[in-house]
Amino acid sequence: MTQLISHVSPKSLTEVLQAAGYRVNETEQNGIVQLLSASQGIGYAVRFGNAAVEQGSYVDFTFSCALRVQGELPQGVAEQWNATRRFARLSLQGEFLVMEMDVVVAAGVSNDHLRGNLELWDRLLQEFIVYLRDFTQAGAAQTAKVAVAEEEEVAL
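Our subject in this report is the structure included herewith. (Residues numbered from 1 in each chain as written. Predicted model: local features only at pLDDT ≥ 70, side-chain atom pairs only at ≥ 80, totals over all residues. Heavy atoms only, no water.)

Comments concerning the overall build of the protein
Here's step 1: Scanning the protein for helices and strands turns up three helices and six strands.
Here's step 2: Reading the protein from its N end, one meets helices and strands in the order α-β-β-β-β-α-β-β-α.
Here's step 3: Per-residue burial for the protein yields a buried fraction of 33% across its 156 residues.
Here's step 4: In the protein, 55% of the contacts between residues at least 6 apart in sequence involve partners at least 24 apart. (Helix = DSSP H or I, 4+ residues; strand = E, 2+ residues; numbered from the N terminus. Buried < 20%, exposed > 50% of the residue type's maximum accessible area, 1.4 Å probe, protein only. Contact = heavy atoms within 4.5 Å.)

Pasting the structure below:
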């Protein structure tokens with residue numbers, strides 16, 4: 001019988017990430033522990049949520065990737081992602097574009113389920129970068145079309 005995981009700790013989640021080939025650093029800021037890792041050269045954090053009965057354990061956690069926005073972000077970038085994607089959400093938080101994905105283990109999940117969520121997160125990070133590149137290029141092309149149309153109107 002498969003043993004179910006009903007809570008995680010920084011140590012147990014570090015082991016899961018390392019078993020999947022990721023480097024992990026545990027950090028603490030203002031008494032809050034988080035794990036730092038990266039995939040495809042993109043850094044992300046694992047933040048723990050609701051505390052479990054067992055001291056230092058949690059029943060949920062969030063994968064979080066924050067990218068600093070330089071310049072103007074195209075209109076609707078977060079809204080379009082959220083309307084067309086499942087599992088991870090985008091939000092603009094100050095000067096950061098943040099993608100987050102929650103993972104709940106409270107009712108008990110298998111190790112394979114936990115690993116599957118990690119693989120899903122990795123895939124979403126890849127899609128996130130492609131999405132941003134494509135969205136930015138589409139926005140630049142649209143701006144160029146508008147500029148050309150305005151020049152043609154002025155020429156008439």
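From this point, things continue past the structure.
Things to note about the packing of aromatic side chains
Here's step 1: Evaluated as defined, the whole model comprises seven aromatic pairs.
Here's step 2: Each ring, one from tryptophan 81 and one from tyrosine 131, has its centre 5.2 Å from the other, and the planes form 70°; the classification is edge-to-face. Of this pair, tryptophan 81 sits in helix α2 (residues 77-84) while tyrosine 131 sits in helix α3 (residues 111-155), and the two are 50 residues apart along the sequence. Across the pair, tyrosine 131 and tryptophan 81 agree in class, each one buried. (Phe/Tyr/Trp six-rings, centres within 6.5 Å; stacked < 30°, edge-to-face > 60°.)

Things to note about the sheet that holds strand β4 (residues 60-68)
Here's step 1: An order of β1-β2-β3-β4-β6-β5 is seen for the six strands of this open sheet, with the pairing classed as antiparallel. Since the sheet does not close on itself, it has two edges, and those belong to β1 (25-29) and β5 (89-93), each with one partner. The mean angle between the axes of side-by-side strands here comes to 30°, regardless of whether they run parallel or antiparallel.
Here's step 2: Docked against the sheet, α2 engages β5 and β6 (96-104), running at close to 160° with respect to β5. (Pairing = 2+ DSSP bridges. Axes fitted to C-alpha atoms, helices over the stretch in contact; angles between N-to-C directions.)

Details of the side chain of aspartate 122
Here's step 1: Take aspartate 122: it is sitting in helix α3.
Here's step 2: Arginine 123 provides the closest opposite charge to the buried, unpaired aspartate 122, separated from it by 7.9 Å.
Here's step 3: At a separation of 3.1 Å, a polar atom in the side chain of aspartate 122 contacts the side chain of tyrosine 22.
Here's step 4: At a separation of 3.1 Å, a polar atom in the side chain of aspartate 122 contacts the side chain of glutamine 126. (Lys, Arg positive; Asp, Glu negative; His and termini not counted. Salt bridge = Lys/Arg side-chain N within 4 Å of Asp/Glu carboxyl O. Polar contact = N/O pair within 3.5 Å; in protein donor to acceptor, adjacent residues only side chain to side chain.)

Details of the pattern of salt bridges
Here's step 1: Here the structure, examined in full by the defined rule, presents eight salt bridges.
Here's step 2: The structure contains a network of salt bridges with shared partners spanning Arg85, Arg123 and Glu127.

A few points about α2
Here's step 1: Buried within α2 are the following residues: Val77, Ala78 and Trp81. Seen along its axis, α2 keeps its buried residues to an arc of 95°; they face one direction. Turned more than 90 degrees from where α2 packs its buried face, Glu79 and Ala83 sit exposed. (Arc of directions from axis to C-beta.)

Description of helix α1 (residues 10-19)
Here's step 1: Listed in full, the buried residues belonging to α1 are Pro10, Leu13, Thr14, Val16 and Leu17. The buried residues of α1 occupy an angular sector of 160° when the element is viewed end-on, so they sit on one face. Away from its buried face, by an angle of more than 90 degrees, α1 presents the exposed residues Lys11 and Ala19.
Here's step 2: Note on α1: the residue one or two positions beyond its end, glycine 21, has a positive phi of about 95°.

Some words on the pairing of β5
Here's step 1: Here β5 pairs with β6 via five bridges, running antiparallel. Looking at the pairing, leucine 92 lines up with leucine 97 of β6.
Here's step 2: Taken together, β5 and the strand that follows it, β6, pair antiparallel across an intervening segment of two residues, in which glycine 94 is found at a positive phi of about 65°.

Quick notes on the environment of phenylalanine 135
Here's step 1: Of note, phenylalanine 135 is situated in helix α3.
Here's step 2: Here phenylalanine 135 falls in the buried class, since its relative accessible area comes to 14%.
Here's step 3: Here the alpha-carbon distance between phenylalanine 135 and tryptophan 81, two residues 54 residues apart in the chain, equals 9.8 Å.
Here's step 4: When neighbours within four sequence positions are excluded, phenylalanine 135 is seen to be in contact with Pro74, Gln75, Gly76, Val77 and Gln80.

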